[in-house]
Structure formats: structure tokens, C-alpha cells
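Analysis of the macromolecular model
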Amino acid sequence: MSDKTGDLMNRLTSTESAEDLDHYLEEIRDKYPKDFSSYIKAVLADKGMSIADMQKKSGIDRTYIYQIMDGSKHPGRDKIIAIAIACNMNLTECQRALEIAQEGILYAKSRRDSLIIYAINKKMSIMELNGLLEQYSLASLA
């Protein structure tokens, strides 16, 4: 996960031959996670965290976290956001997690999403985010 998407896009758009394209596609084939649990595992590895660390910080039930991580459960949007915050993801990483899970990225025109974006950028905890959401009479993370 160390290559930046912009760098990959530059390489791809500067590819001029079918041979170069084949080489690029072979290089990225199994390098980037395609499902939510693989993405989270890669983020945890990058950040030196364990699933147990993430579970404790997220406040999500231990059994449910392990079901998410083995791919047998598919979390909803709020659980994904809680996992992202627990993993200390930045906004780009959180948006990618939401995209991979097909749960819709955070939208700056939404009041609730705006507060979540603010909290992620300020590295707030889930408890702090829920307090902020409550202050604005919006639903806390489920």
C-alpha cells in the first residue's frame, strides 16, 4: 500500500505500449486490497496495530470485529467510520475504506459527514466524535 494513487495514475497515463500496460497490470495484480477486510488488514500492518488494538479503540463487539475481518460480516457505514477512526486513518484512507465497502464516501455538504470529516482530520476519538455529533443533535456512530 506504499504507492500513492497519484503516482500510479501518472505511470498508467504515461504508458504508451501494450507491453508496458501488461507490465503495469502484472505489477499491481495482487498488490492492493480489493475487499474491505484485506484493506483493513493492510492498514493495520502499515500502522503497526493489531486487530485487538483496533477492536478496543473502535468499541465494536469483539466477535463482530473478527467476523468482519474474516469476511463473514459486512459492516455498515458507521462501523466502517468507527474502524477508520480506531485505526487512526486519515481522510483519504477512510474514504477508500468506504469506497471498497461500497458504503458511500463522506460528503462535505452533509452536516453529519462534515463533523465526521472534521473529527478525522483532528484525530478525535470515537467518544469525542460522538460528543460532537450530540452537540449538534445528530446521530452518534452506531
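An account of the accompanying structure is given in this report.

Calculation criteria
- Residues numbered from 1 in each chain as written.
- Predicted model: local features only at pLDDT ≥ 70, side-chain atom pairs only at ≥ 80, totals over all residues.
- Heavy atoms only, no water.
- Salt bridge = Lys/Arg side-chain N within 4 Å of Asp/Glu carboxyl O.
- Helix = DSSP H or I, 4+ residues; strand = E, 2+ residues; numbered from the N terminus.
- Buried < 20%, exposed > 50% of the residue type's maximum accessible area, 1.4 Å probe, protein only.
- Contact = heavy atoms within 4.5 Å.

Turning to the pattern of salt bridges, a few remarks are in order. Where charged atoms of side chains with opposite charge meet at close range, the side chains can pair. A complete count under the given rule lists five salt bridges for this structure. With a closest N to O distance of 2.9 Å, Glu 27 and Arg 11 form a salt bridge. Note that Glu 27 is positioned in helix α2 (residues 18-28) and Arg 11 in helix α1 (residues 5-13), a separation of 16 residues in sequence. Residue classification places Glu 27 among the partly exposed positions, given a relative accessible area of 33%. For Arg 112, the salt bridge identified is with Asp 78, shortest N-O distance 3.0 Å. Taken together, the positions of Arg 112 in helix α8 (residues 111-121) and Asp 78 in helix α6 (residues 77-86) put the pair 34 residues apart, joining distant regions of the chain. For Asp 78, a relative accessible area of 16% gives the class buried.

With respect to the secondary-structure elements, Ile 83 resides in helix α6. Judged by its relative accessible area of 0%, Ile 83 falls in the buried class. In this structure, the C-alpha to C-alpha distance between Ile 83 and Ser 58, residues 25 residues apart in sequence, is 5.6 Å. Excluding anything up to four places from it in sequence, Ile 83 contacts Phe 36, Ile 40, Met 54, Ile 60, Ile 65 and Ile 68.

What follows covers unusual backbone geometry. You will see that Gln 102, though not glycine, has its phi angle at about 55°, which is positive. You can see Gln 102 is positioned in the loop between α7 (91-100) and α8. When its relative accessible area of 71% is taken as the criterion, Gln 102 is described as exposed. Positive phi, close to 55°, is recorded for Lys 123, a residue that is not glycine. One can find Lys 123 in the loop between α8 and α9 (126-135).

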